[in-house]
Amino acid sequence: MRLSYPADIKVIQVPCTGRVDILHLLNAIEDGADGVYVAGCLEGECHYIEGNLKARRKVEYVKKTLTELGIEPERVEMYNLSSAQGARFAEIASEMVGKIRELGPTPVKSTHAA
Amino acid sequence: MIVADRKSLEEILTMVKDNKKILIAGCKGCVTVCNVGGLKEVEILASSMKIARKKQGTHIDIDINVLERQCDNEYVAGVSDIIGNYDAVISLACGVGPQFLSEMYPDQTFYPGVNTTFFGGATQHGVWEERCAGCGTCAINNFGGLCPIARCAKSLMNGPCGGSSNGACEINKDTVCIWDVIVRKKMDAGKLEDLIGVRGIKNWRTARDGGPRRSIREELVQGNI
Ligand code: SF4
Ligand code: SF4
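Being a predicted model, the structure only gives us computed values, none of them experimental. (Residues numbered from 1 in each chain as written. Chains lettered and ligands numbered in written order. Predicted model: local features only at pLDDT ≥ 70, side-chain atom pairs only at ≥ 80, totals over all residues. Heavy atoms only, no water.)

Asker: Help me understand the nonpolar core in this model?
Answerer: In a soluble, globular protein the nonpolar side chains are often hidden away together inside. Judged by nonpolar contacts, the single largest core of 44 residues is most densely connected at L25 of chain A together with I22, I24, L45, M49 and I90 of chain B. Per-element accounting of this core gives the leading share, 7 residues, to helix α3 (residues 39-56) of chain B. Among the nonpolar cores identified, the runner-up in size contains 14 residues, and C135, A150, C169 and W179 of chain B belong to it. (Core = buried A, V, L, I, M, F, W, Y, C linked by side-chain atoms within 4.5 Å. Buried < 20%, exposed > 50% of the residue type's maximum accessible area, 1.4 Å probe, protein only. Helix = DSSP H or I, 4+ residues; strand = E, 2+ residues; numbered from the N terminus.)

Asker: For this particular structure, what's the right way to read the side chain of K7 of chain B?
Answerer: Residues and elements named next belong to chain B. With respect to the secondary-structure elements, K7 resides in the loop between β1 (2-6) and α1 (9-15). Residue K7 is classed as buried on the basis of its relative accessible area, which comes to 11%. A distance of 2.7 Å separates a polar atom in the side chain of K7 from a polar atom in the side chain of N115. Setting aside chain neighbours within four positions, we find K7 in contact with I12, M15, P112, G113, V114 and N115. (Polar contact = N/O pair within 3.5 Å; in protein donor to acceptor, adjacent residues only side chain to side chain. Contact = heavy atoms within 4.5 Å.)

Asker: Hey, could you run me through the site of ligand 2 in this one?
Answerer: Within the structure, ligand 2 sits among C152, A153, K154, L156, P160, C161, G163, S164, C169, E170, C177 and I178 of chain B. Of the residues belonging to the shell around ligand 2, the class tally is 8 nonpolar, 2 polar and 2 charged. (Near = heavy atom within 4 Å. Nonpolar A, V, L, I, M, F, W, Y, C, P; charged D, E, K, R; others polar.)

Asker: Before we go on, may I ask you to explain the sheet that holds strand β6 (residues 114-124) of chain B in this structure?
Answerer: Two pairing modes exist for strands in a sheet, parallel and antiparallel, and in both the strands are linked by backbone hydrogen bonds. Residues and elements named next belong to chain B. Reading across the sheet, the 3 strands line up as β1-β6-β7 and stay open at both edges, with antiparallel pairing between neighbours. Across the chains shown, the open sheet's two edge strands, defined by having one partner strand only, are β1 and β7 (127-132). The mean inter-strand angle of the sheet, taken between neighbouring strand axes irrespective of direction, is 70°. Here β1 pairs with β6 via 5 bridges, running antiparallel. Across the sheet, V3 pairs through a bridge with F118, a residue of β6. (Pairing = 2+ DSSP bridges. Axes fitted to C-alpha atoms, helices over the stretch in contact; angles between N-to-C directions.)

Asker: What is the right way to read the interface of chain B and chain A from this model?
Answerer: Interfaces are often described in size by the accessible area the parts lose on coming together. Counting from both sides, the interface comprises 18 residues of chain B and, opposite them, 21 residues of chain A. Carbon and sulfur atoms supply 64% of the area that chain B and chain A bury against each other, a total of about 1,700 Å² over both sides. Taken together, the links from chain B to chain A amount to 2 salt bridges. The residue K40 of chain B makes a salt bridge to D21 of chain A at a minimum N-O spacing of 2.7 Å. (Buried area = accessible area lost by both parts, 1.4 Å probe. Salt bridge = Lys/Arg side-chain N within 4 Å of Asp/Glu carboxyl O.)

Asker: Is there a simple way to explain the pattern of salt bridges in this structure?
Answerer: When their charged atoms lie close together, side chains carrying opposite charge are able to pair. All chains considered together, the criterion is met by 17 salt bridges over all chains. Note that K7 of chain B is salt-bridged to E11 of chain B, the shortest N-O span being 3.0 Å. Several salt bridges share partner residues, and in doing so they unite K63, E77 and K99 of chain A into one network.

Asker: Just checking my understanding: could you explain the environment of C152 of chain B for this structure?
Answerer: Residues and elements named next belong to chain B. The residue C152 is located in the loop between α6 (148-151) and β8 (168-169) in this model. A relative accessible area of 13% places C152 in the buried class. For the pair C152 and C169, spaced 17 residues apart in sequence, the C-alpha to C-alpha distance is 8.0 Å. The contact partners of C152, leaving out residues within four places of it in the chain, are C147, I178 and W179.

Quick look at the structure:
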């Protein structure tokens, strides 16, 4: 199966989405990412029991923080799919890229010390 | 432990709106345990603030430092070399921390990044509840080990008020009427008579009502023992 997904996405592999931290998500936004999403296993199917559920809670926390800062919370998302769903992976990637294109570039611009 | 809640990002950002270089100072004591002012929370606040300032197009340099405890001059002195490097400092310790810092470094501006709320503990992950009001004359042994000073909305000492209803306090149905719990506990133990005697008026001079308090241990004042 050869599936293509948008080249705008940089994939960072982690052993389990439970490893993803609030700071990873915030730092990505801080460094100018237009959006970040976490692609975890299906709920109930985490090898480490609840890594993906924890990841979702962290995503929710970051969404709340972005809302507080007046930034669209949709720039951070959590998706669940199984490792056998390659087509779904590509679909999610396109969906996320589409959503971010609609939102436009991040309002978090790099600034330099005066 | 002392429990606190972080102030809103909006409030914190407003405090330092004119500053270009700040320090966020955490504390490894109570506020680390109640997940509000330890290393993790300090880093999250720093990143959130940088995002806010980048969005606004104004640069800010943020350093972080987590002190062993901000309520001990020994540790507060540990930042003497760097404290002058900043326009302002946000402390994520309880209200004691920024005061110890302000007293030791009178030329620096310290902002409280948290609202210090009460003495209590976690009843479940993520939920903290008040247990003690620091009245200075502990008497919980008279009430089945439960404190009506801190936990009854009216700090009643002689049984529940008329607002106690099905175990809930009249101020809010989600607040347990601690007098209901105390009475039930005594009933279950067959010791309801423990509560019969009328308790005299509490002397509040040992509480905040007597003014700021101080605790002196002569043997320690004289030196280490
Ligand atoms: S009686 Fe006073 S010292 Fe004891 S728990 Fe209650 S408020 Fe705290
Ligand atoms: S209902 Fe119970 S807890 Fe509430 S004020 Fe009355 S006695 Fe105190």
